[in-house]
Amino acid sequence: MSSRTSPISQPITIRRAVAHDAKRLTRLVRGSGAYEGKYASAVAGYRVGPDYIEAHRAFVAVGAGEHGGRVLGFYSLVLAPPELDLLFVADEAQGRGIGRLLVAHMQCEARAAGLDRVKVVSHVPAEDFYHRVGAVRTGTALANPPAVPWDRPEFEFRIPSE
């Protein structure tokens, strides 16, 4: 089985992102294979700075063992208005359940913050992923040239109370 589709074989820890993670998170966003070709302009100058990490609930998935504590993915939850602002998994770690773990963690964080819904404006190639992890399509975010010259699917996670 290839590493792209094999399940998580090493422990994954999800922890709060810290300022020291900013450069790694920026590299993860800019290096994402989902943003190649016509989508490259959306992340070309994107920066996840220490100020962003400080202002939002940002969490990283860190691998142990074979990954040597490397950041394998991250997400950022904005509380007001409730939105999953960023969710990225390193290309070489995709298909191993890390995105699903990050979404489950985000839902727990949202529940703990008293949220009952979390909006997601998805990148077009990520649409199937959001369907698979339980998000419900709610509409379309229209193009906003020059930054984002294409329409994007909008989703919502419904957060049940415990």
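Just so it is clear, the model here is predicted, and its values are computed rather than measured.

K.L.:
Is there a simple way to explain unusual backbone geometry in this structure?
P.N.:
Excluding glycine, residues mostly carry a negative phi; peptide bonds, for their part, are mostly trans. In this structure, the amide linkage connecting Ala80 to the following residue, Pro81, adopts the cis form with an omega of -10 degrees. Its place among the elements puts Pro81 in the loop between β3 (71-78) and β4 (83-89). Along the chain, Pro145 connects to Pro146 via a cis peptide bond; the corresponding omega equals 5 degrees. Here Pro146 is to be found in the loop between β6 (136-141) and β7 (152-158).

K.L.:
Quick question: what am I supposed to make of the packing of aromatic side chains here?
P.N.:
The geometry of an aromatic ring pair is captured by two quantities: the separation of the ring centres and the angle between the planes. Counted under the stated rule, the structure contains seven aromatic pairs. Note on Phe59 and Tyr75: the rings are 5.4 Å apart at their centroids and 20 degrees apart in plane angle, and the pair reads as stacked. Separated by 16 residues along the polypeptide, Phe59 in strand β2 (residues 57-63) and Tyr75 in strand β3 bring together distant segments of the chain. Both residues of the pair, Phe59 and Tyr75, belong to the buried class. Ring centres 5.8 Å apart and planes at 35 degrees place the aromatic pair Tyr130 and Phe155 in the tilted group. On the criterion of sequence distance, the pair formed by Tyr130 in helix α4 (residues 127-132) and Phe155 in strand β7 is long-range, its members being 25 residues apart. Both residues of the pair, Tyr130 and Phe155, count as buried. An aromatic cluster is present here, built from Phe129, Tyr130, Phe155 and Phe157 joined pairwise through their rings.

K.L.:
Whenever I open this one, the pattern of salt bridges confuses me. Can you help?
P.N.:
Opposite charge on two side chains permits pairing when their charged atoms draw close. Within the structure shown, the criterion is met by nine salt bridges. Here Arg15 makes a salt bridge to Asp21, at a shortest N to O gap of 2.8 Å. On the accessibility criterion, Asp21 (0% relative accessible area) is buried. The structure contains a network of salt bridges with shared partners spanning Arg15, Asp21 and Arg24.

K.L.:
I'm lost on the confidence of the model for the chain in this one. Help?
P.N.:
Interpretation of the predicted coordinates at a detailed level should be avoided for regions scoring low in pLDDT. In the predicted model, the chain carries a mean pLDDT of 90, and 91% of its residues have values of at least 70. Segment residues 1-6: pLDDT under 50, and twelve contacts once partners within four positions in sequence are set aside and those in other chains are kept.

K.L.:
Where do I start with the environment of Gly37 in this structure?
P.N.:
As for its position among the elements, Gly37 is in the loop between α1 (22-30) and α2 (50-55). Residues Gly37 and Leu79 lie 42 residues apart in sequence; the distance between their C-alpha atoms is 32 Å.

K.L.:
It is not clear to me how the pairing of β4 should be interpreted in this structure. Could you clarify?
P.N.:
Looking along a regular strand, one sees the side chains alternate between the two faces of the sheet. When you tally the buried positions in β4, you get five out of seven residues, the bulk of the element. By the bridge criterion, six bridges tie β3 to β4 in an arrangement that is antiparallel. Paired with Gly73 across the two strands is Val89, which belongs to β4. The loop that links β3 with its antiparallel partner β4 comprises four residues.

K.L.:
I keep staring at the side chain of Glu154 and nothing clicks. Help me out?
P.N.:
Locating Glu154 in the fold gives a position in strand β7. Taking the relative accessible area as the measure of exposure, Glu154 reaches 18% and is therefore buried. In this structure, Glu154 is in contact with Lys119, Val120, Val121, Val136, Arg137, Thr138, Gly139, Thr140 and Ala141, ignoring residues within four places of it in sequence.

What counts, and at which threshold
- For every chain, the first residue of the written sequence is number 1, and numbering continues from 1 onward in sequence order.
- A pLDDT threshold of at least 70 governs which residues receive local features in this predicted model, and a stricter bar of 80 or more applies before side-chain atom pairs are shown or counted, although totals over entire chains, interfaces and linings include all residues.
- Based on all heavy atoms of the structure, the side-chain values leave hydrogens and waters out of the count.
- Helical segments are the DSSP runs of H or I of at least four residues, strand segments are the runs of E of at least two, and each set is numbered from the N terminus.
- Centres within 6.5 Å make a pair out of two Phe, Tyr or Trp rings, where for Trp the six-membered ring is used; the pair is then stacked when the planes are under 30 degrees apart, edge-to-face when over 60, and tilted otherwise.
- For the exposure calls, accessible area comes from a 1.4 Å probe over protein chains only, and a residue counts as buried if that area is under 20% of its type's maximum, exposed if over 50%, partly exposed in between.
- For this document, the term salt bridge refers to a Lys or Arg side-chain nitrogen within 4 Å of an Asp or Glu carboxyl oxygen.
- What pLDDT reports is the predictor's confidence in each residue, on a scale of 0 through 100.
- In what follows, a contact means two residues having at least one pair of non-hydrogen atoms within 4.5 Å.
- A pair of strands is considered paired only if DSSP assigns at least 2 bridges between the two.

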